[in-house]
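Listed below are the residues making up each chain.
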Amino acid sequence: MDFAFSEEQEELGRTVRAFLADTSPEIEVRRLMETPEGFDRALWRRMGSELGLQGLAVPEEYGGAGCGPVEVGVVMEEMGRALLCAPFLSSAVLATTTLLRSADEDARKRLLPGLASGELVGTLALTEDSARWDAAGVQLIARESNGSWLLTGHKMFVLDGATADVILTVARTDDGIGDGIGVFWVDAEAAGLTREPLPTMDPTRRQARLGYHDVPATRLRTHADGWGLVGEVLDRAAVALAAEQVGVASRALDMAVDHAKVRHQFGRPIGSFQAVKHLLADVLLEVESARAAAHYGLLAAENAENAGNAGNAGNDDPALPAVASLAKAFCSEACLQATEENIQVHGGIGFTWEHPAHLYLKRAKTSQLLFGDPAYHRELLARRIGMGTDKGAA
């Protein structure tokens with residue numbers, strides 16, 4: 001297999017890195033994480049209109065670029081390096097992928113152009129109080145009334161839930177069809193919907209609690225059971241997040257190496273001491289291994305998309321689910337190790353609010369838990385490759 005990016009993909013990465021160097025320096029990250037919305041809508045629209053980032057994975061017929069998961073991963077890695085404050089993961093990955101993997105052409109035509117241009121922000125509301133990432137964690141109820149659907153319950157830890165315009169909500173249905181799980185489109189201004197920002201460890205990535213009180217919703221049509229769609233989305237989101245974690249880890253390693261070159265102790269740069277050399281060498285090994293795992297995940301997602309475009313519906317690449325769990329588990333731990341060791345190399349200054357090291361550590365810790373922690377994905381991986389018993393929907 002060839003894991004190398006093409007020249008066009010490499011150029012995309014360079015372009016995004018240069019753009020983010022101008023628009024998302026540390027001072028801007030700190031400013032945005034203190035604002036109510038947590039991101040700059042004007043910049044969000046620029047990302048869509050000038051670079052077309054939100055529409056990378058969107059087919060041209062809906063106003064996108066018609067690229068695939070690899071290009072999205074390239075962008076996610078650069079966003080991780082810059083610690084970008086923007087709803088890219090929630091909107092361009094979660095919401096967009098949900099629509100693309102659904103069988104609802106009307107919803108795609110209505111929502112994808114706005115998501116691709118940056119005029120709209122979308123998200124996927126899945127987790128609840130249990131913080132489970134499986135079907136058993138879905139307790140919010142959708143009931144049909146006079147030909148329409150009403151949602152009752154609440155969702156927790158919804159990425160960018162307080163600012164999203166389009167909220168795709170996973171709910172348990174009462175119609176007895178399929179697996180009893182459905183995905184519903186909810187307008188942000190819908191009657192009965194309440195949105196409450198949550199305090200989080202990572203101020204650069206916002207989460208919210210959403211309350212549903214007989215909220216009117218439109219059910220998305222799916223190729224198979226509702227959880228089948230959600231599972232496909234989570235696998236692809238895990239791979240995209242793994243790419244972002246590689247960017248976070250890579251930047252943390254660069255920060256540690258740069259500091260080790262200029263920080264002197266006992267008349268020598270601390271990077272000349274064997275203990276520091278070994279520490280940084282271990283981190284480099286973890287980061288490069290994580291990069292290989294993430295790129296393998298992106299390739300598996302790309303192969304799945306290509307198979308789907310050939311006329312197959314559903315999650316059509318048997319390698320993707322296992323590879324997604326592998327990449328998410330490994331990259332989560334590598335990212336956390338890199339950001340922790342970055343603080344260790346910096347010493348006392350690494351613990352201060354003024355230094356950016358803690359921001360990368362917080363992103364690493366919250367990303368480790370997002371879509372399931374490493375222990376969850378190792379268990380999921382074991383079941384997916386036939387080494388464990390199936391304990392329910394995954």
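Residues numbered from 1 in each chain as written. Predicted model: local features only at pLDDT ≥ 70, side-chain atom pairs only at ≥ 80, totals over all residues. Heavy atoms only, no water.

Quick look at the environment of Gly55 now. Along the chain, the position of Gly55 falls in the loop between helix 3 (41–51) and helix 4 (69–82). Residue class for Gly55 comes out buried when judged on its relative accessible area of 3%. In this structure the C-alpha to C-alpha distance between Gly55 and Ala375, which are 320 residues apart in sequence, comes to 33 Å. Dropping the residues within four chain positions of it, Gly55 is found in contact with Gly64, Ala65, Gly66 and Ala116. (Helix = DSSP H or I, 4+ residues; strand = E, 2+ residues; numbered from the N terminus. Buried < 20%, exposed > 50% of the residue type's maximum accessible area, 1.4 Å probe, protein only. Contact = heavy atoms within 4.5 Å.)

Residues with a pLDDT of 70 or more make up 94% of the protein chain, whose mean pLDDT is 90. Considering only residues more than four positions removed or in separate chains, one finds that residues 310–315, a stretch of pLDDT under 50, has ten contacts. (pLDDT = per-residue confidence, 0-100.)

What follows covers the pairing of strand 7 (residues 207–219). Both strand 3 (residues 148–159) and strand 7 contribute to a ladder of nine bridges, which runs antiparallel. Of the residues in strand 7, the one forming a bridge with Gly153 is Tyr212. Pairing geometry for strand 5 (residues 181–187) and strand 7, over two bridges, is antiparallel. Bridging across to strand 7, Phe184 finds its partner in Arg219. One ladder, built from five bridges, connects strand 6 (residues 193–197) with strand 7; its direction is antiparallel. Looking at the pairing, Glu196 lines up with Arg209 of strand 7. (Pairing = 2+ DSSP bridges.)

Take the packing of helix 9 (residues 319–346) against helix 10 (residues 357–369) next. Two elements in contact, helix 9 and helix 10, have axes separated by 9 Å at closest approach and are oriented at 160°. One element, helix 9, and the other, helix 10, form an angle in the roughly antiparallel class. The two elements helix 9 and helix 10 meet at a crossing, and its hand is left-handed. Where helix 9 abuts helix 10, its residues Lys328, Ser332, Glu333, Cys335, Leu336, Thr339, Glu340, Asn342 and Ile343 lie against Ala357, His358, Tyr360, Leu361, Ala364, Lys365, Ser367 and Gln368. Across the contact of helix 9 with helix 10, the residue classes tally to seven nonpolar, six polar and four charged. (Axes fitted to C-alpha atoms, helices over the stretch in contact; angles between N-to-C directions. Parallel < 35°, antiparallel > 145°, perpendicular 65-115°, else oblique. Left-handed = near helix turned anticlockwise from the far one by under 90°. Nonpolar A, V, L, I, M, F, W, Y, C, P; charged D, E, K, R; others polar.)

Within the largest apolar cluster, 84 residues are counted, with the highest numbers of intra-cluster contacts made by Met47, Phe88, Leu151, Leu168, Val186, Tyr212 and Phe371. It is helix 7 (residues 226–262) that contributes the most residues to this core, ten residues altogether. Ala252, Leu253, Ile270 and Leu280 belong to the second largest nonpolar core, which has 23 residues in total. (Core = buried A, V, L, I, M, F, W, Y, C linked by side-chain atoms within 4.5 Å.)

With that out of the way, let us pick up the packing of aromatic side chains. Between two aromatic rings, the relevant description is the distance of the centres plus the angle of the planes. A full pass over the atoms with the stated rule returns three aromatic pairs. Seen from their ring centres, Phe39 and Trp44 are 6.3 Å apart, and the 80° between their planes marks the pair as edge-to-face. Accessibility classification places Phe39 together with Trp44 in one group, the buried group. Measuring from centroid to centroid gives 5.4 Å for Trp133 and Phe371, while their planes differ by 80°, and the two rings are edge-to-face. Of the two residues, Trp133 is situated in the loop between strand 1 (122–125) and strand 2 (141–145) and Phe371 in the loop between helix 10 and helix 11 (374–384); the sequence distance between them amounts to 238 residues. There is no split in this pair, since Trp133 and Phe371 are both buried. (Phe/Tyr/Trp six-rings, centres within 6.5 Å; stacked < 30°, edge-to-face > 60°.)

Turning our eyes to something else, we now look at the pattern of salt bridges. Inspection of every chain in the model, using the stated rule, returns 28 salt bridges. The partner of Glu50 in a salt bridge is Arg46, and the shortest N-O contact between them spans 3.1 Å. In this pair, Glu50 and Arg46 both sit in helix 3, four residues apart, roughly one turn of the helix. Between Arg221 and Asp106 there is a salt bridge; the shortest N-O distance is 3.5 Å. Highlighted residues: Arg221 in the loop between strand 7 and helix 7 and Asp106 in helix 6 (residues 105–117), separated in sequence by 115 residues. A single salt-bridge network, built from bridges that share partners, covers Arg101, Glu232, Arg236 and Glu305. (Salt bridge = Lys/Arg side-chain N within 4 Å of Asp/Glu carboxyl O.)

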